[in-house]
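Examination of the molecular architecture
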Amino acid sequence: MSENNNRNPRFIIESPTGDWEVVIGLEIHAQITSNSKLFSGSSASYGGEPMSHVSLVDAAMPGMLPVINKQCVRQAVKTGLGLQAEINKYSVFDRKNYFYPDLPQGYQISQFKHPIVGEGIVKVTLKDGSDIYVRIERLHLEQDAGKSFHDIDPQSTYIDLNRSGVALMEIVTKPDLRSAEEAKLFVTKLRTILRYLETCDGNMEEGSLRADINVSVRRPGDELGTRCEIKNVNSIKFIGMAIDYESKRQIDEIESGNEISQETRLFDISTGKTRSMRSKEEAHDYRYFPDPDLLPLNLSQDFIDEIVKELPELPDDKKDRLMEQYKLNSYDADILVSDKKYAKYFEVVAKGRDPKLSVNWISGELFSALNRLSLDIDQSPITADNLGELIDLIIDGTLSGRLAKDVFEIMLETQKSAKLIVNEQGMSQITDESSIEKLVDKIIDENSDKVAQAKEKPKMVGWFVGQVIKESQGKANPSKVNELVLKKIGL
Amino acid sequence: MIDVRVLDLSSIRDSLKKGDFTSKELVKSYIERIEGSSKLNTYNTTTFEQALDRAEISDGKIKKNEAGPLEGIPIGIKDLFCTQGVKTTASSKILENFIPSYESTVTENLFKSGMIMLGKLSNDEFAMGSSNETSANGAVVNPWRSRNSEKELVPGGSSGGSSAAVAASLCPLATATDTGGSIRQPAAFTGTVGLKPTYGRCSRWGIVAFASSLDQAGPITKTVRDSALALQAMAGYDNKDSTSANIEVENFENYRNSNLNGMSIGIPKEFEELDLSLDIRQNWEEAIQWYKEAGVNIKSINLPHCKYALPAYYIIAPAEASSNLARYDGVKYGKRVPGEDLDSLYKRTRAEGFGDEVKRRILMGTYVLSAGYYDAYYLKAQKVRRLIHEDFLEAFKTVDAILTPTTPTTAFGIGENISDPLKMYSNDILTVPVNLAGLPAISIPSGLDSSGLPMGIQLITNHFDEKSLFKFGRLIEESRVNIEMPTDWWIKK
Amino acid sequence: MTISKDRILKIANLSKISISEDQIEKLEVEISSILNWVETLNEVDTENIEPMSNSLTNFLQMREDIVNDGEKRSDILSNSPAEDESFFVVPKVIE
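Everything numeric in this text was worked out from a predicted model, so none of it was measured.

**Concerning the overall build of chain A**
- Per the secondary structure count, chain A includes 15 helices and 15 strands.
- A globule of 491 residues ought to have a C-alpha radius of gyration of about 23 Å, yet chain A, at 30 Å, is considerably larger.
- Dimensions of chain A, computed from C-alpha atoms along their principal axes, come out at roughly 95 × 55 × 50 Å.
- For chain A, the proportion of its 491 residues judged to be buried stands at 57%.
- Looking at chain A alone, contacts between residues at least 24 apart form 68% of all its contacts between residues at least 6 apart.
- Of the roughly 21,200 Å² of accessible surface on chain A, a fraction of 47% belongs to carbon and sulfur atoms.
- Taking the average place of the 63 positive charges on the side chains of chain A and the average place of its 79 negative ones, the gap between the two points comes to 2 Å.

Next comes the structure, spelled out in structure tokens:
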């Protein structure tokens, strides 16, 4: 499946000197959802008073030793299964040696030669509806570092170790991405998978998901160019910005006759630019070697089978099923599976109801309301059952689309059921002919001049219909009104 | 005052039980002796007041029949074991003021069995050395001297404070650690019994790490029986140490009812070719004779890769150490030498905080792990390690124990080898293979050389078979010439 | 194998240990002689031999995911050479 030298690139950047192709690979650091840290019993929860979630092990006190957390291993395996990757029963923890004040041991325990998860694959649907497949090279377990604060004091850096030792999964892709857009969609998809699996909360603001981005450019069909690594980008938007800036920078450099030097760069969110952090010559020599405080990890087939049993339906499968079971189109299905809570909500609403109408109400009225109120779907004031009831009232003709929207707003405010609101406020649609006829007669009487116009310009009929419905406070059934107006005007 | 010179662990245990003396009287006697022995420079830190308080509690427990198995018996702790509230320095400037808030598992086990700490014993800095001369607190002096000589000798290392203190009766038992011979070599140099248990037998939790895959705690005592008693109290599974062996601790003292007749001992051919002093070679032959007489089959065995153990060790141990000692960076605890920026803070702190031997090993270890050299050095050494391990496993298919001298020479003079690292390293040639293979081994005093200095014989058995070490070791004690402990030449009156 | 001055400086930098000019020469001699000595390992045929990093042959035991540690700030900070507001403090790090 190597498409590294594909002469028909998916995405090109045009330039007066010819076309360019951007090649992107990602290393995603995903914080594992667990109670305690990877090698110690202190809390892995976010935040807390400085130095509160810190054990003697996390602070690397002399003589302290690591003991691995089973749940973190399970989560890594589960994620591997979710990425359709091979699970390595035998894996080894190595030390990655470097000095940094928020790295108390002077080394990070990671996995180098023998990661817990091998090659996998992620399907990403692009905006045009086509699919690309991003290959995962590996996933390994490692410790997070503490946190450095450079803004508390002008002369000093402050170190907090609450995060020190929290479990991370590093997920490494092959260089299979070709644009900022693809990279953003990949990270979004990966985050969705992690959230389905509940192995990482995917909360980028809290740093639960961070990306190192490898970017290089080349002429289509050429060998891979020299890459630069942009470290620690912590939002999907910034990932896109960093790639766009960096690829343009590299193209400019090459077009100005310079060579790209392999280096580590930082993305500065205030300027939207990347800048050099250290060159390859200054690159670390991490001196990886097996951690002598730990033995190899050996997973039994039973251990893995247990996890297989717990796997939820994943986004791709769910999408296929929703399309099959509810006859949804790909676009609607994608919206619903982008968060498993959406799909769950949908399936309650759509039970025994028109799926298309259900999707439309969810992705339309409900999402815009939740967005307005900054609420998550599981905090929605309108339960899935209540939305379903509202749709029932539309289907049985009790409510027109217009009325339904009004009822929806009241539901949002009062959290009452649609039926209750309709009953309390007498909001049901007027469908009986005599009532509507009275209204039509009234409007025609009041606007006899316009009747003549309407006879010449049939488009005027719409105006009459609108007036009638307005007169009914929106309750008159629009098709009945239309029918009667035509009849009365004599068209 | 009690004459503690004639006492050992088991006799103290019996006397305390019988009420011959109280724990408090005993502790006082040791304190007085330690105070008079400052010339030997064995203790980095003393904890006399706490010891006296603890002794009172122990006396109460003994009276009420609530005593632990080693209740009220004083002990010296190598300054590599973290002790709660008591300065733990690893004999390094970089930890000169470090006070742990925690107790190492091994010391906690010992204290739970009723033992009372007298203080923290000197060692080579971070346990790196074979003479105890690399301690930031200065050299420890061996209580033994050659006949008709006043030359000061090293007590061996790295557990030189422990070996000298036991030999000089400044404690009946001292904890020690052995990474390449650091229990057995000092025991051999001081006429004491040094036991390196199987890797994984004693928890490493709370012991300042030197080389994690090799480090193992054990006791230095006056007798084999004491060694068994001490191991009983120190050993045990610890779920805080991922390399702790979940194996039941049997009753080691039971070794005394066993018979050696029909068992077999292996003599490694390759060790015969080593550069050993004549006295030590003769002593080894003598020991072989004792076993023959006891009905033990003596077999010549091959350990073909053991001659490579020393160079492999001096790659593996520094490699692990270079990483283990990275935590001493002046940020979280320990010494900090300020610098204009972080990098200079690190570099000055570590340059001033570590001594020459430690720095040499950190640099060596960094080198063998660095890009381009890893395969040629570190990986090669790890492969040789496996071959050495396999040599031993092969040997134990045919023999119950292996018998060798502990050291190629007896104790040497202070300052004699310190400037020549390779010469110093060669001290460990007989002990290092055991660490690489993770096996248990014991050094037992087996005689005196022509100048009157103690020699040690080493017994090695299969993994987790410490009991056989005691079983075989007893015969050395019974067969050797009487080894009189040194006279009190150093005592300040 | 001898080690160059340049290499000594590189590993000293990796090890974060400052060394003076006269120390470099001494280390050059000492480390070179140690390296020469350990090269006797090249006599051993290690073809197809798996490296061994621990004498124990069992595998890692895993602990349950329970929070039973932490919340000991005073213990963490009690030996600190420089702290403020419960943070460790070091000279400003510029990225």
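**Comments concerning the overall build of chain C**
- On a plain count of helices and strands, chain C comes out with three helices and two strands.
- Each helix (α) and strand (β) of chain C, taken in turn from the N terminus, gives the series α-α-α-β-β.
- Its C-alpha atoms give chain C a radius of gyration of 22 Å, more than 25% over the compact-globule value 12 Å for 95 residues.
- Viewed in the frame of its principal axes, chain C has a C-alpha envelope of about 55 × 45 × 25 Å.
- In chain C, buried positions account for 43% of the 95 residues.
- If you take every contact in chain C between residues at least 6 apart in sequence, the share linking residues at least 24 apart comes to 31%.
- Of the roughly 5,200 Å² of accessible surface on chain C, 47% is carried by carbon and sulfur atoms.
- One finds the centroid of the 9 positive side-chain charges in chain C at a distance of 7 Å from the centroid of its 20 negative side-chain charges.

**As for the interface of chain B and chain A**
- Listed per partner, the contact involves 39 residues of chain B and 29 residues of chain A.
- Of the roughly 2,800 Å² buried where chain B meets chain A, counting both sides, 59% is carbon and sulfur surface.
- Per-residue buried area on chain B facing chain A is highest for Ser 242, Ser 323 and Arg 327 of chain B; these three make up 21% of the total on that side.
- Applying the counting criterion to the chain B and chain A interface returns one salt bridge.
- For the side of chain B that touches chain A, the elements supplying multiple residues, two or more each, are helix H10 (309-324), helix H11 (342-353), helix H12 (356-369) and helix H13 (375-395) of chain B.

**A word on the sheet that holds strand E14 (residues 289-290) of chain A**
Residue and element names in this part refer to chain A.
- Pairing within the open sheet is antiparallel, and its three strands lie in the order E4-E3-E14. Two strands in the sheet have a free side with no partner beyond their single neighbour: strand E4 (107-110) and E14.
- Relative to E4, strand E3 (residues 94-97) runs antiparallel, the two being bridged by four bridges. In the sheet register, Asp 94 faces E4, and the bridge partner there is Ser 110.

**Quick look at the domain arrangement of chain A**
Residue and element names in this part refer to chain A.
- Considered domain by domain, chain A is made up of domain 1 (21-307), domain 2 (313-425) and domain 3 (433-489).
- Between domain 1 and domain 2, the contact holds ten residues from the first and eleven residues from the second.
- Carbon and sulfur atoms make up 54% of the area that domain 1 and domain 2 hide from each other, which totals about 860 Å².
- When the buried surface of domain 1 facing domain 2 is broken down by residue, Lys 123, Thr 192 and Tyr 196 rank first, second and third, together holding 59% of it.
- Connecting domain 1 to domain 2 are two salt bridges.

**Things to note about the sheet that holds strand E1 (residues 83-84) of chain C**
- The antiparallel open sheet is built from four strands, whose spatial order is E7(A)-E8(A)-E2(C)-E1(C). Two strands in the sheet have a free side with no partner beyond their single neighbour: strand E7 (147-149) of chain A together with E1 of chain C.

**A word on the interface of chain B and chain C**
- Listed by partner, the interface residues are 61 residues for chain B and 50 residues for chain C.
- Across the chain B to chain C interface the summed buried area is about 5,000 Å²; carbon plus sulfur atoms make up 68%.
- At the boundary of chain B with chain C, the tally comes to two salt bridges.
- Linking Lys 16 of chain C and Asp 343 of chain B is a salt bridge whose minimum nitrogen-to-oxygen distance equals 2.8 Å.
- Our count for the contact surface shared by chain B and chain C stands at 17 residue pairs in polar contact (both at pLDDT 80 or more).
- Of all elements in the fold, only H10, H11, H12, H13, helix H14 (421-425) and helix H15 (432-437) of chain B reach the threshold of two or more residues within the side of chain B that touches chain C.
- At eleven residues, H13 of chain B tops the list of elements feeding residues into the side of chain B that touches chain C.
- Taken together, the residues of the side of chain B that touches chain C break down into 32 nonpolar, 15 polar and 14 charged.

**Thoughts on the pairing of strand E7 (residues 264-268) of chain B**
Residues and elements named next belong to chain B.
- Most of E7 is tucked away, with five of its five residues classed as buried.
- In E7, alternate side chains face the same way, and those of Ser 264, Gly 266 and Pro 268 on one face and Ile 265 and Ile 267 on the other are all buried.
- Note: E7 against strand E8 (residues 297-301), five bridges, orientation parallel. Bridge assignment links Ile 267 to a residue of E8, and that residue is Ser 300.
- Pairing of E7 with strand E9 (residues 401-405) involves two bridges; the strand directions are parallel. By the bridge assignment, Gly 266 is partnered in E9 with Ile 402.

**Notes on the side chain of Asn 97 of chain A**
- In this structure, Asn 97 of chain A sits in strand E3.
- Asn 97 of chain A sits in the buried class, given a relative accessible area of 3%.
- Here the side chain of Asn 97 of chain A touches Ser 323 of chain B through a polar contact of 2.8 Å, side chain to side chain.
- With sequence-adjacent residues up to four places away left out, Asn 97 of chain A is seen in contact with Gly 106, Tyr 107, Asp 285, Tyr 286, Arg 287 and Phe 289 of chain A together with Ser 323 of chain B.

**Some details on the nonpolar core**
All names here are of chain B.
- Judged by nonpolar contacts, the single largest core of 196 residues is most densely connected at Phe 126, Tyr 291, Phe 392, Leu 403 and Leu 459.
- Looking at this core, the element that brings in the most residues is H10, giving ten residues.
- Contact partners of Tyr 291, with chain neighbours within four places excluded, come to Leu 260, Ile 265, Val 296, Ile 298, Leu 403, Leu 459, Phe 472, Gly 473, Leu 475 and Ile 476.

**Some words on the environment of Asn 482 of chain A**
- Relative to the elements of secondary structure, Asn 482 of chain A occurs in helix H15 (residues 478-489).
- With residues near it in sequence (within four places) discarded, Asn 482 of chain A still touches Val 461 and Val 465 of chain A.

**Things to note about the packing of aromatic side chains**
- Counting across every chain of the model gives 30 aromatic pairs over all chains.
- Where Phe 238 of chain A meets Phe 267 of chain A, the ring centres are 5.8 Å apart and the plane angle is 45°; that geometry is what we call tilted. Taken together, the positions of Phe 238 of chain A in helix H3 (residues 236-255) and Phe 267 of chain A in strand E12 (residues 263-268) put the pair 29 residues apart, joining distant regions of the chain.
- Ring centres 5.8 Å apart and planes at 50° place the aromatic pair Tyr 367 of chain B and Tyr 377 of chain B in the tilted group.

**Describing the packing of H10 of chain B against H12 of chain B**
All names here are of chain B.
- In the contact formed by H10 and H12, the axes pass within 7 Å of each other and the chain directions differ by 100°. Taken together, the axes of H10 and H12 are roughly perpendicular relative to one another. When H10 is examined against H12, the residues Tyr 314, Ile 315, Pro 318, Ala 319 and Ser 322 are found in contact with a partner set consisting of Arg 361, Ile 362, Met 364, Gly 365, Thr 366, Val 368 and Leu 369.
- Among the residues making up the contact of H10 with H12, the classes are represented as eight nonpolar, three polar and one charged.

Criteria and thresholds
- Sequence order as written defines residue numbering, which begins from 1 separately in each chain.
- The naming scheme follows written order: chains are lettered A onward, ligands numbered 1 onward.
- Selection of residues for local features in this predicted model requires a pLDDT of at least 70, selection of side-chain atom pairs for listing and counting requires 80 or more, and totals for whole chains, interfaces and linings are taken over all residues.
- Each side-chain value is worked out from all heavy atoms of the structure, with water and hydrogens disregarded.
- A helix here means a DSSP run of H or I that spans at least four residues, while a strand means a run of E at least two residues long, and both kinds are numbered starting from the N terminus.
- The globule rule used here is 2.2 Å times the number of residues to the 0.38 power, and the radius of gyration it is set against is calculated over C-alpha atoms.
- Think of it in three bands: with a 1.4 Å probe and only protein chains considered, a residue is buried below 20% of the maximum accessible area for its type, exposed above 50%, and partly exposed in between.
- What makes two residues a contact is simply this: any of their non-hydrogen atoms within 4.5 Å.
- Note on areas: Shrake-Rupley, 1.4 Å probe, and residue coverage restricted to the protein chains presented here.
- Asp and Glu count as negative and Lys and Arg as positive, but His and the ends of the chain are not part of the count.
- Lys charges are placed at NZ, Arg charges at CZ, Asp charges at CG and Glu charges at CD.
- Once two parts are brought into contact, the accessible area they lose, counted with a 1.4 Å probe and summed over both, makes up the buried area.
- For this analysis, a salt bridge means a side-chain nitrogen from Lys or Arg found within 4 Å of a carboxyl oxygen belonging to Asp or Glu.
- At least two bridges found by DSSP between two strands is the condition for calling them paired.
- Either an automatic procedure or a domain database provided the assignment from which the domain bounds are taken.
- Any pair of N or O atoms that falls within 3.5 Å is considered a polar contact. Within protein, one atom must be able to donate a hydrogen and the other to accept it, and sequence-neighbouring residues count only if both atoms are side-chain atoms.
- Under the scheme applied, nonpolar residues are Ala, Val, Leu, Ile, Met, Phe, Trp, Tyr, Cys and Pro; charged residues are Asp, Glu, Lys and Arg; polar residues are all the others, including Gly.
- Only buried residues count toward a nonpolar core, which is a set of Ala, Val, Leu, Ile, Met, Phe, Trp, Tyr and Cys residues joined through side-chain atoms within 4.5 Å.
- Aromatic rings from Phe, Tyr and Trp, with only the six-membered ring used for Trp, were paired whenever their centres fell within 6.5 Å, and each pair was classed as stacked if the ring planes differed by under 30 degrees, edge-to-face if by over 60, and tilted otherwise.
- Lines fitted to C-alpha atoms define the axes here, with helix axes fitted over just the stretch in contact, and angles between the N-to-C directions of these axes take values from 0 to 180 degrees.
- By the definition adopted for this analysis, an angle is roughly parallel if under 35 degrees, roughly antiparallel if over 145, roughly perpendicular if from 65 to 115, and oblique otherwise.

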